[in-house]
Amino acid sequence: MDVEHQKAPAMRVSDVERDEVLVRLHTAFAEGRLSDRELDERTASVLAARTRPELDHLLVDLPVAAAPGAAATKSASPTSRPGRLQVAYKSSVRRGGSWRLPDGYTTVIYKGGCLLDLRAAELEDDVITIRAIAYKSDVEIIVPAGVRVEVGGFGVSSEIYGDAVPGAPVVQIRGFAYKGEIDVHS
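Described in the following lines is the structure provided in the data block. Everything numeric in this text was worked out from a predicted model, so none of it was measured. (Residues numbered from 1 in each chain as written. Predicted model: local features only at pLDDT ≥ 70, side-chain atom pairs only at ≥ 80, totals over all residues. Heavy atoms only, no water.)

1. Some thoughts on the packing of aromatic side chains
Heads up, the condition is: For Phe, Tyr and Trp, rings pair up if their centres lie within 6.5 Å, where Trp contributes its six-membered ring, and each pair is then called stacked (planes under 30 degrees apart), edge-to-face (over 60) or tilted (otherwise). Note on conventions: DSSP H or I runs of at least 4 residues are helices, E runs of at least 2 residues are strands, and numbering of each starts at the N terminus. Remark: exposure states derive from per-residue accessible area (1.4 Å probe, protein chains only) relative to the maximum for the residue type, with buried under 20%, exposed over 50%, and partly exposed in between.
Scanning the entire structure with this criterion turns up eight aromatic pairs. Seen in terms of ring centroids, Tyr110 and Tyr135 are 4.9 Å apart; in terms of plane orientation they differ by 0°. Their pairing is stacked. On the criterion of sequence distance, the pair formed by Tyr110 in strand 4 (residues 104-110) and Tyr135 in strand 7 (residues 127-135) is long-range, its members being 25 residues apart. Of the two residues, Tyr110 and Tyr135, both sit in the buried class. An aromatic cluster is built from Phe29, Tyr89, Tyr110, Tyr135, Phe154, Phe176 and Tyr178, whose rings are joined through pairwise contacts.

2. Details of the pattern of salt bridges
For clarity, the cut-off: The term salt bridge refers to a side-chain nitrogen of Lys or Arg lying within 4 Å of a carboxyl oxygen of Asp or Glu.
Throughout the structure, instances matching the rule amount to twelve salt bridges. Between Asp61 and Arg42 there is a salt bridge whose closest N-O contact spans 2.9 Å. Of this pair, Asp61 sits in the loop between helix 3 (52-57) and helix 4 (70-73) while Arg42 is found in helix 2 (residues 36-48), placing the two residues 19 residues apart along the sequence. The residue Arg119 makes a salt bridge to Asp117 at a minimum N-O spacing of 2.6 Å. If you follow the salt bridges from partner to partner, you end up with Arg84, Arg100, Asp103, Glu122 and Glu124 in one network.

3. What to know about the sheet that holds strand 10 (residues 156-159)
Our working rule: Two strands are counted as paired when DSSP detects at least two bridges linking them. Note on geometry: axes are lines fitted to C-alpha atoms, helical ones only across the stretch in contact, with angles between N-to-C directions running from 0 to 180 degrees.
Ordered in space as 2-5-8-12-10, the five strands form an open sheet in which the pairing is parallel. The sheet terminates laterally at strand 2 (92-95) and strand 10, the two strands that pair on one side only. Direction aside, neighbouring strands of the sheet carry axes that sit 10° apart on average. Pairing geometry for strand 10 and strand 12 (residues 181-185), over four bridges, is parallel.

4. Describing the sheet that holds strand 7
To keep things clear, this is the line we draw: Any pair of residues with heavy atoms lying within 4.5 Å of one another is described as a contacting pair.
Strand order in the open sheet formed by five strands is 1-4-7-11-9, and the pairing between neighbours is parallel. Either end of the sheet is taken by a strand with one partner, and the two such strands are strand 1 (85-89) and strand 9 (148-154). Averaged over all adjacent pairs, the angle separating strand axes in this sheet is 10°, with direction ignored. Strand direction decides the pairing type here: strand 9 and strand 11 (residues 170-178), joined by seven bridges, are parallel. Each residue of the ladder has a partner; that of Gly152, found in strand 11, is Arg174. Packed onto the sheet, helix 1 (residues 15-30) meets strand 1, strand 4, strand 7 and strand 11 and runs at close to 75° relative to strand 1.

5. As for the nonpolar core
Heads up, the condition is: Put simply, buried Ala, Val, Leu, Ile, Met, Phe, Trp, Tyr and Cys residues joined by side-chain atoms within 4.5 Å make one nonpolar core.
Counting 25 residues, the largest nonpolar core has Leu118, Ile130, Ile141 and Ile182 as the members making the most contacts within it. Among the secondary structure elements, those contributing two or more residues to this core are strand 4, strand 5 (113-117), strand 7, strand 8 (138-142), strand 11 and strand 12. Counting residues per element, this core draws most heavily on strand 7, at four residues. The residues touching Leu118, leaving out its near neighbours within four places in the chain, are Trp99, Leu101, Ile130, Ile141, Ile142, Val143, Pro144 and Val171. Core analysis: the next-biggest nonpolar cluster, separate from the first, contains 17 residues, Leu34, Ala49, Leu55 and Tyr135 among them.

What follows is the structure, given as structure tokens:
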């Protein structure tokens, strides 16, 4: 067989592509499209995937989400918007101290834990939306005093003390917890 007729090798995937697939799978699970077992199996396959066809195979029976990479195409480089996604698989992650919180932030925790401490975070906008998915996990979100907090979703609880400062930023928490919890407090 000559070189001209050989099939090109499949493109290797990046961690960002794996993260996008994990978010789609957890969204499908939250919508009731995948069972507990299917989510476990597909999550393990995503983490083991090396090529794009291996990832694509895991999504063929799910509805198409917003165009893959659509958020990345809005900017010149996919790395120009760091810090918008945090994923933990059977482990824990923490964000605290001085860090920049973008206007949209997603954390997906699978059989682990997460701490988001916003008290010293620089808020990128007047309205911040945090999407949290906690599958057999706990997510703790600590908000600074004086911000207005709006909480919604399933398995999300909040305990905020003190009044919001007039003109203070709004932190919207949109969450889904399955066999775990999302706890928001000041």
